[in-house]
There are 2 protein chains.
Amino acid sequence: MAPDSSRALIKDLLDSPEPKVGVLVKGWVRTRRDSKDFSFIELNDGSSLPSLQVLVDREAQGYEALKDLTTGAAVSVEGDLVESRGQGQKWELLAKTLTLVGPSGADYPLQKKRHTDEYLRGIAHLRPRTNKYGALLRLRSETAFAIHQFFRDQGFFYVQTPIITGSDAEGAGEMFQVTTVKGPDPDPTFKNDFFGRYAALTVSGQLEAELLALALDRVYVFGPAFRAENSNTARHAAEFWMVEPEAAFMDLAGDMDLAEAMIKSVVRFVLKNRATDLALFDSFVEPGLLKRLNVLAESSYPRVPYAEAIKILSGAAKKFEFAPVWGADLATEHERFLCEEEFKGPIIVYDYPKAIKSFYMRNNDDGQTVAAMDVLAPKVGELIGGSQREERLDLLQDRMAELSLNPEPYWWYLDSRRWGSVPHAGFGLGFERFLMTLTGIANIRDVIPFPRTPKSLEF
Amino acid sequence: MAPDSSRALIKDLLDSPEPKVGVLVKGWVRTRRDSKDFSFIELNDGSSLPSLQVLVDREAQGYEALKDLTTGAAVSVEGDLVESRGQGQKWELLAKTLTLVGPSGADYPLQKKRHTDEYLRGIAHLRPRTNKYGALLRLRSETAFAIHQFFRDQGFFYVQTPIITGSDAEGAGEMFQVTTVKGPDPDPTFKNDFFGRYAALTVSGQLEAELLALALDRVYVFGPAFRAENSNTARHAAEFWMVEPEAAFMDLAGDMDLAEAMIKSVVRFVLKNRATDLALFDSFVEPGLLKRLNVLAESSYPRVPYAEAIKILSGAAKKFEFAPVWGADLATEHERFLCEEEFKGPIIVYDYPKAIKSFYMRNNDDGQTVAAMDVLAPKVGELIGGSQREERLDLLQDRMAELSLNPEPYWWYLDSRRWGSVPHAGFGLGFERFLMTLTGIANIRDVIPFPRTPKSLEF
């Protein structure tokens, strides 16, 4: 089948149980070294982190043909897969015919040496050709698949909620405006604009996902979301992907169970299926990563009420930059202290003060807190934020009035509580934050193929 | 596990091999009819198209408790699963305890009767609760999963290309501008805007996918794309999802093989896994649908050069609105004639005149055509458009010059041909067009949960 069925992928050759004659491989030269009689080429085709060593008889192939086999060149090689006489690999390919498909050159920006992350960001169109970004992209793909697989197995349906939206979803952050009107001085009623009203990029698909959960019972969003915040940090991108499950007849305890089960399922899946790629991050990015991921996959996550978390933090010997006080959000230093020093693993903090949480979260009977929860993980802090939603129309309306939210644009959201309303809950997982957790990569720009940040829109 | 492990899903009960005692179900009342002694409730929880018939002993439950069990109400029922004495279902639930979770009312907009598609579009927040839109959304989810499964099995990696872009990708259509500057009179240099330059919503992830295919060998995009075209047709939405695979070392023949294999694999997958939902569309939307889908899944797709297609059309007895002439694009009437009358099934037309195709398509040796292909299907016309890409830097540059395209914004695209360039190809499948094909639904607004079209941005 397409593409090119006569060709073998390097990942399959490296796993071969036996030698093979007449194998065709195609890929790119990562490195080359020459002895008197042989050239040793590390050939990579993107299918796996390890390259295939190709042995080229220099005289037999002709020296002229070999001169263009430099780092970055694309070649097609036909030969025999034989047991390697060298160290570090089981198999190597003894080249019989060798064809240069696309030359590289001395000016190729990825010569054989370590490049800084910053340098590589400037050539994001080429960095997927490096070991680290290749591994990241394969892991990114497999993590996405693991998420789809997990939710499907649990009876969730994948839904696509709108990217362009007329409502401010949850007030989660600054929004990008979407328009077809070219200045000057746009009409404040937007009547000549494409949608005839103000339009923006979504910050969350949750509100629409709720509508769908109240029909299909279990749904999840997995799509892009946007924040127009002008903050140049290692953890913020203007464009990122979010996973947002939403389930009917689920309460906060169920929500916490779901979040924990999802993380464990996905971490196990990638530990099993992308072990070699993860080993690279364990070796070169975060020593101890695999141990940390095993804790994430296998420990059970203690459930800690917010009030208890504040008590623990207040009683801690540690000096915090921000004093922990009831009523304020937990800072990253607090979250990391709880995970790393107090509980030595991931935890779930729940029942947060309602003043610091969104209008749609379900009011607890204490009148002070809402049924919200955050999954906190060692080294990264908050990984997931979720809540049970307020399904009682009167309480939802009261809360919106308290916050001076105009109910008019939310008519459809309120409608969902008018007929057949049921307890329901969900959460949001930032896909890139999760990838940072899975790899130890500290900058969000390095887990996205072509990141979007303030003043940065190349590629 | 969450959500609510004590609860059974209706899809599982309907498939039960045996009776069960003490079953808990939760869902929404679709209809109810009363006899003297019993109420018969059709309960649906979104997990499947068929509802579960719940038998309620009116006297035992108390008439008062039953009065709120109206269409749309959410209930929780505990009872025994027994063989049904009625017709049309194998199992029914004999209710023991019955709890109203969320009432509905006489003003519920989805009373038991057929509603028009147009009426339902106005209540897109509630239409997922109908049989037809429930079936559509389950099918949509499974189709997406089938696509992920197919590509993963073929060694493709799922990549997310940018949604906000600085470049005009392929000139595929009008773009939405993305901005954080609020009027009046924006600076034409955009220096105060978020990205410091003009930003827009992507029309295609292809160019970036090419960069990734030249590193990972096989990748696919599956994400939203946008067109700001002010056309109110049944086939155009401003926001839609696209599937865009791209593979290195693949030529046009491989591209056609891949497209055909993907369609067949996905159609078979959903025919197997969502048979009941598809049967609804066959019964109520397009009689004969299942037969058409079987042809899509099982026939082989003839490959027809564009020039031959024009010859066939020119020689046809049929009168076309637009005369078929070499050099012009095929109109939908031509595409449908070829599929429905000439070949009686899906076909692939290839080698189109270069003047009607994009700059990045590979020049054929005849100097007149490019290595482009379209998959055409009966009833729908074009389903997929793809091409082998021009991998030769000089020819690509010549073509851009011919079209007066400024090469400067494409520096990274051209770079990909500078080092290790290889033959490669890919295609685009509009996900919603594909869903229209799979269901027979004629209006794109009815295959998207919350469609975006000119002047329409509700929900």
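In this text, all values refer to a predicted model and were calculated from it rather than measured experimentally. (Residues numbered from 1 in each chain as written. Chains lettered and ligands numbered in written order. Predicted model: local features only at pLDDT ≥ 70, side-chain atom pairs only at ≥ 80, totals over all residues. Heavy atoms only, no water.)

## Here we look at the overall build of chain A
Reasoning step 1: Each helix and strand in chain A was counted, giving 14 helices and 16 strands.
Reasoning step 2: Seen through its principal axes, chain A has C-alpha atoms that stretch 85 × 60 × 40 Å.
Reasoning step 3: Within the span of chain A, comprising 459 residues, buried residues form 61% of the whole.
Reasoning step 4: Just so you have it, chain A exposes about 17400 Å², and 51% of that area is on carbon and sulfur atoms.
Reasoning step 5: In chain A, the 54 positive side-chain charges and the 65 negative ones have mean positions that sit 5 Å from each other. (Helix = DSSP H or I, 4+ residues; strand = E, 2+ residues; numbered from the N terminus. Buried < 20%, exposed > 50% of the residue type's maximum accessible area, 1.4 Å probe, protein only. Areas by Shrake-Rupley, 256 points an atom, 1.4 Å probe, with all protein chains shown as cover. Lys, Arg positive; Asp, Glu negative; His and termini not counted. Charge placed at Lys NZ, Arg CZ, Asp CG, Glu CD.)

## With respect to the interface of chain A and chain B
In many reports, interface size means the accessible area that the parts give up when they come together.
Reasoning step 1: Each partner contributes to the interface: chain A provides 125 residues, whereas chain B provides 125 residues.
Reasoning step 2: Carbon and sulfur atoms make up 66% of the surface buried where chain A meets chain B, a total of about 10000 Å² over both sides.
Reasoning step 3: Its largest share of buried area at the contact with chain B, chain A owes to Phe194, Phe249 and Trp419 of chain A, together 8% of the area lost on that side.
Reasoning step 4: Viewed at the interface, chain B and chain A are joined by six salt bridges.
Reasoning step 5: Its salt-bridge partner being Asp217 of chain B, residue Arg7 of chain A comes within 2.5 Å of it at the nearest N-O pair.
Reasoning step 6: Taken together, the connections running from chain A to chain B amount to 35 residue pairs in polar contact (both at pLDDT 80 or more).
Reasoning step 7: It is helix α5 (residues 131-153) of chain A that provides the largest number of residues to the side of chain A that touches chain B, a total of 11 residues.
Reasoning step 8: Looking at the side of chain A that touches chain B, its residues break down into 63 nonpolar, 34 polar and 28 charged.
Reasoning step 9: Examined bridge by bridge, strand β8 (residues 177-179) of chain A and strand β8 (residues 177-179) of chain B share three bridges and lie antiparallel to one another. Bridge pairing in β8 of chain B links Thr179 of chain A to Gln177 of chain B. (Contact = heavy atoms within 4.5 Å. Buried area = accessible area lost by both parts, 1.4 Å probe. Salt bridge = Lys/Arg side-chain N within 4 Å of Asp/Glu carboxyl O. Polar contact = N/O pair within 3.5 Å; in protein donor to acceptor, adjacent residues only side chain to side chain. Nonpolar A, V, L, I, M, F, W, Y, C, P; charged D, E, K, R; others polar. Pairing = 2+ DSSP bridges.)

## Things to note about the sheet that holds strand β15 (residues 381-388) of chain A
Residues and elements named next belong to chain A.
Reasoning step 1: Taken in spatial order, the eight strands of this open sheet run β6-β10-β11-β16-β15-β14-β13-β12, and their pairing is mixed. Since the sheet does not close on itself, it has two edges, and those belong to β6 (157-159) and β12 (303-305), each with one partner. Taken pair by pair, the neighbouring strands of this sheet meet at an average axis angle of 25°, ignoring direction.
Reasoning step 2: Where β15 and strand β16 (residues 424-430) come together, five bridges link them in antiparallel fashion. By the bridge assignment, Gly385 is partnered in β16 with Gly428. (Axes fitted to C-alpha atoms, helices over the stretch in contact; angles between N-to-C directions.)

## Topic: the packing of aromatic side chains
Reasoning step 1: With the rule as written, the count across this model stands at 48 aromatic pairs over all chains.
Reasoning step 2: With centroids separated by 5.5 Å and ring planes inclined at 75°, the aromatic side chains of Phe359 of chain A and Tyr360 of chain A adopt a geometry described as edge-to-face. With respect to class, Phe359 of chain A is no different from Tyr360 of chain A; both count as buried.
Reasoning step 3: Taking 6.3 Å as the distance between ring centres and 80° as the angle between the ring planes, the aromatic pair formed by Trp412 of chain A and Tyr413 of chain A counts as edge-to-face.
Reasoning step 4: Take Trp412 of chain A: its relative accessible area is 1%, and that puts it in the buried class.
Reasoning step 5: On the accessibility criterion, Tyr413 of chain A (0% relative accessible area) is buried.
Reasoning step 6: In this structure, Arg33 of chain B packs its charged tip against the face of Phe40 of chain B, placed 4.3 Å from the ring centre.
Reasoning step 7: Over the face of the ring belonging to Tyr352 of chain B we find Lys357 of chain B, whose NZ or CZ atom lies 4.3 Å from the ring centre. (Phe/Tyr/Trp six-rings, centres within 6.5 Å; stacked < 30°, edge-to-face > 60°. Lys NZ or Arg CZ within 6 Å of the ring centre and 35° of its normal.)

## Side note on the relation of the copies chain A and chain B
To go from the first copy of the chain to the second, apply a rotation about an axis and then a shift along the same axis.
Reasoning step 1: With an RMSD of 0.0 Å, chain A superimposes on chain B once it is rotated by 180° and translated 0.0 Å along the axis. Both copies are brought into coincidence by an operation consistent with a two-fold rotation axis. (Least-squares fit on C-alpha atoms with pLDDT ≥ 70 in both.)

## Focus: unusual backbone geometry
Residue and element names in this part refer to chain B.
Reasoning step 1: Here the phi dihedral of Phe249 falls at roughly 55°; this positive angle occurs in a residue that is not glycine.
Reasoning step 2: Summarising the element assignment, Phe249 is placed in the loop between β11 (239-248) and α7 (252-273).
Reasoning step 3: Unlike most non-glycine residues, Lys344 shows phi in positive territory, near 50°.
Reasoning step 4: Locating Lys344 in the fold gives a position in the loop between α11 (332-342) and β13 (347-353).

## A look at the domain arrangement of chain A
Residues and elements named next belong to chain A.
Reasoning step 1: According to the domain assignment, chain A contains domain 1 (10-102) and domain 2 (127-446).
Reasoning step 2: The C-alpha-based centres of domain 1 and domain 2 are spaced at 45 Å.
Reasoning step 3: Listed as interface residues are six residues of domain 1 and, on the opposing side, eight residues of domain 2.
Reasoning step 4: Approximately 560 Å² of surface area, both sides summed, lies buried where domain 1 meets domain 2, with 48% of it carried by carbon and sulfur atoms. (Domains from an automatic or database assignment.)

## A short note on the pattern of salt bridges
Pairing between side chains of opposite charge can happen when the charged atoms of each approach one another.
Reasoning step 1: Taken as a whole, this structure holds 64 salt bridges over all chains when the rule is applied.
Reasoning step 2: Close ionic contact of Glu142 of chain A with Arg152 of chain B constitutes a salt bridge, the shortest N to O distance being 2.5 Å. Taken together, the positions of Glu142 of chain A in helix α5 and Arg152 of chain B in helix α5 (residues 131-153) put the pair across two chains.
Reasoning step 3: Two residues, Arg303 of chain A and Glu260 of chain A, come together in a salt bridge whose shortest N-O distance is 2.9 Å. Of this pair, Arg303 of chain A sits in strand β12 while Glu260 of chain A sits in helix α7 (residues 252-273), and the two are 43 residues apart along the sequence.
Reasoning step 4: Given the relative accessible area of 32%, Arg303 of chain A is considered partly exposed.
Reasoning step 5: Connected through salt bridges with shared partners, the residues Asp257, Glu260, Lys264 and Arg303 of chain A form a single ionic network.

## Some details on the nonpolar core
Nonpolar side chains in soluble globular proteins tend to be buried together.
Reasoning step 1: Phe151, Ile263, Val349 and Met373 of chain A together with Ile263 and Met373 of chain B are the most contacted members of the largest nonpolar core, which has 199 residues in total.
Reasoning step 2: With 11 residues, the top contributor of residues to this core is α7 of chain B.
Reasoning step 3: Those residues in contact with Met373 of chain B that lie beyond four places of it in its chain are Leu252, Asp255, Met256, Ala259, Ile348, Val349, Tyr350, Tyr352, Ile384, Gly385, Gly386 and Phe427 of chain B. (Core = buried A, V, L, I, M, F, W, Y, C linked by side-chain atoms within 4.5 Å.)

## Here's the deal with the sheet that holds β13 of chain B
Residues and elements named next belong to chain B.
Reasoning step 1: As summarised here, the arrangement of the eight strands in space is β6-β10-β11-β16-β15-β14-β13-β12, forming an open sheet in which the pairing is mixed. Each end of this open sheet is capped by a strand with a single partner; those strands are β6 (157-159) and β12 (303-305). Shown here is a sheet whose adjacent strand axes are inclined to one another by a mean of 25°, direction ignored.
Reasoning step 2: Pairing of β11 with strand β16 (residues 424-430) involves five bridges; the strand directions are antiparallel.

## Some words on the confidence of the model for chain A
Reasoning step 1: Residues with a pLDDT of 70 or more make up 97% of chain A, whose mean pLDDT is 95.
Reasoning step 2: With a pTM of 0.97, the predicted complex shows an ipTM of 0.97. (pLDDT = per-residue confidence, 0-100.)

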